[in-house]
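# Chains, contacts and geometry: an overview
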Amino acid sequence: MSENDLTAKTVKAPAARFGGKGLNAGIAAAAVLTAAGLALWGFQLSGGLVQTGMRNLDSWGLYITLFMFLVGLSAGGLIISSVPRAFGMKGFGGISKVAVWTSICCTVLAIAFVVVDLGRPARLWELFAYSNLGSPLMWDIIVLGAYLILSIVYLWATLRAEEGKVSAVALRIVSVIALVCAVLVHSVTAWIFGLQQAREFWHTALLAPWFVSSALVCGTALVLAVVIALRRVGYLELDQSNITKMTKMLGAFVVVDLYFFGCDLLTSAFPGGSGAEVVAMLVSGPLAPFFWVEIIGCALAAAVCFAPRLRTNPLIVVASLLAIVGIFCKRVQLLVGGFQIPNLDYAGPATPYTVTGWESGLAGAYQGMVYWPTPLEFGIVLGVVALGVLMLLVGLKYLPLRSDRETR
């Protein structure tokens, strides 16, 4: 079948109805895993963060890595939904509400990972009572909270617009504000790292646009994978042409993100100064597995997106998952790599590549890394991710997100 035939074909919803016992079982399983994650978090609170792989020399770990990653997923989903309305362009079929709901779920998870990273969350109120508005951390808290509220308002306005109770002009204004906030929330997250001069890997002006491009990659990939799955089970009725347009967009975003990464690596390595140590750490050092998974995975994803013969729905899902995994590996490189190269001299036998959590069995395979999560961290992460799955499934079941007509 040619690409023209494929894109012109409208895939109808299958006879099988969405939901039923399978959906209820998924909701129940996600609820159980969420409860287990809460129990493990209580165990972490009682014993302290010493139970994690984080130490003084690497004070951020898997929780903050996933915070960065999920902010990107959320921003990308909202951008995909708001750009067509903000610029008066043709939309991507009935996926707008699903994209915004996935964005809300990812934002809630991002905030949740910040909370579980706190040693004493009961004192969170002090952050607002004694806030330092000159700190990028405070900027991010303000922008992320506003972003979550705005995403909910945007979804509400979209639903009301379908009922004829919100005008197209008002919805477009909300779309423009949402688009600006989506770009801003990821830029501010990047500035948390990029404005720290003491960390070689983080201190670059390219970090904010690099974060935005990564958000577009993983956000578009997530929306693609979700809508293809929902169309497969009969939740959405969507033209293949909309899938093809989003796939081409994903390919373009992946290429731009790889270009930014290449520019950063070239600038670091070419002078032969301290930046060369960063490049060596990524290309052939302890973070090389994450680096090459990102590069090869994103390159394969771009090949699928740009080659018409490969642009079938199963391969599009595979390409989307490769892009998401690649951006996650980028986040691992960024966070762990920032601590990997020391910014002060260590005393005694400590070296830049000393694993801090010797009790972790998996760390034995990564003796060159300064940080590796403990089983407790993995368990809490599973619980938080299950919360996001629970929110997504409950929203798909009870919220009016289904649509089978073209929206703008």
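Just so you know, these numbers come straight off a predicted model, no measurement behind them. (Residues numbered from 1 in each chain as written. Predicted model: local features only at pLDDT ≥ 70, side-chain atom pairs only at ≥ 80, totals over all residues. Heavy atoms only, no water.)

Here we come to the environment of alanine 182. As for its position among the elements, alanine 182 is in helix 7 (residues 168–194). Residues alanine 182 and alanine 215 lie 33 residues apart in sequence; the distance between their C-alpha atoms is 9.4 Å. If we ignore the near neighbours within four places in the chain, the residues touching alanine 182 are Ala75, Leu78, Ile79 and Tyr147. (Helix = DSSP H or I, 4+ residues; strand = E, 2+ residues; numbered from the N terminus. Contact = heavy atoms within 4.5 Å.)

This part is about the packing of aromatic side chains. Counting across every chain of the model gives 13 aromatic pairs. Relative to tryptophan 202, the ring of tryptophan 60 has its centre 6.1 Å away and its plane inclined at 25°; by these criteria the two rings are stacked. Separated by 142 residues along the polypeptide, tryptophan 60 in the loop between helix 2 (21–47) and helix 3 (62–86) and tryptophan 202 in the loop between helix 7 and helix 8 (207–232) bring together distant segments of the chain. Each of the two residues, tryptophan 60 as well as tryptophan 202, counts as buried. Ring geometry for tryptophan 60 versus phenylalanine 339: centroids 6.4 Å apart, planes at 80°, classification edge-to-face. Residue tryptophan 60 is found in the loop between helix 2 and helix 3, and its partner phenylalanine 339 is found in helix 12 (residues 313–340); the two are separated by 279 residues along the sequence. (Phe/Tyr/Trp six-rings, centres within 6.5 Å; stacked < 30°, edge-to-face > 60°. Buried < 20%, exposed > 50% of the residue type's maximum accessible area, 1.4 Å probe, protein only.)

Turning next to a nonpolar patch on the surface. Where nonpolar side chains cluster on the molecular surface, the patch consists of Val283, Trp292, Ile296 and Leu300 and spans about 360 Å² of accessible area. Examining the composition of the nonpolar patch, we find that three residues originate from one element, helix 11 (residues 288–306), more than from any other. Residue valine 283 is classed as partly exposed on the basis of its relative accessible area, which comes to 30%. (Patch = residues over 30% accessible without salt bridge, like charges linked within 9 Å, V, L, I, M, F, W, Y side chains within 5 Å. Areas by Shrake-Rupley, 256 points an atom, 1.4 Å probe, with all protein chains shown as cover. Salt bridge = Lys/Arg side-chain N within 4 Å of Asp/Glu carboxyl O.)

Two elements in contact, helix 9 (residues 240–269) and helix 12, have axes separated by 11 Å at closest approach and are oriented at 30°. One finds that helix 9 runs roughly parallel with respect to helix 12. Our pair here, helix 9 against helix 12, has a crossing hand that is left-handed. In contact with Gln240, Ile243, Thr247, Leu250, Asp257 and Phe261 of helix 9, helix 12 contributes Asn313, Ile316, Ser320, Ala323, Ile327, Lys330 and Gln333. In terms of residue class, the contact of helix 9 with helix 12 is made up of six nonpolar, five polar and two charged. (Axes fitted to C-alpha atoms, helices over the stretch in contact; angles between N-to-C directions. Parallel < 35°, antiparallel > 145°, perpendicular 65-115°, else oblique. Left-handed = near helix turned anticlockwise from the far one by under 90°. Nonpolar A, V, L, I, M, F, W, Y, C, P; charged D, E, K, R; others polar.)

Attention now moves to the confidence of the model for the chain. For the chain, the average pLDDT comes to 83, and 84% of its residues sit at 70 or higher. Note on residues 1–16: pLDDT under 50 across the span, and 25 contacts to partners over four residues away in sequence or across chains. Across residues 404–408, confidence stays below pLDDT 50; counting only partners more than four residues off in sequence or on other chains, it has 18 contacts. (pLDDT = per-residue confidence, 0-100.)

In this section: the environment of glutamate 294. Mapped onto the secondary structure, glutamate 294 falls in helix 11. Taking C-alpha positions, glutamate 294 is 6.6 Å from lysine 330, a pair spaced 36 residues apart along the chain. In this structure glutamate 294 touches Asp257, Phe261, Gly326, Cys329, Lys330 and Gln333, once residues within four positions along its chain are discounted.

A few words now on the nonpolar core. Counting residues in each nonpolar core, the largest one holds 114 residues, and the members touching the most others are Phe113, Phe193 and Leu282. It is helix 8 that contributes the most residues to this core, 16 residues altogether. Setting aside residues no more than four positions away along its own chain, leucine 282 makes contact with Phe201, Phe261, Leu265, Leu287, Ala288, Phe291 and Gln333. Counting five residues, the second largest nonpolar core, distinct from the first, contains Leu23, Ile27, Ala30 and Leu393. (Core = buried A, V, L, I, M, F, W, Y, C linked by side-chain atoms within 4.5 Å.)

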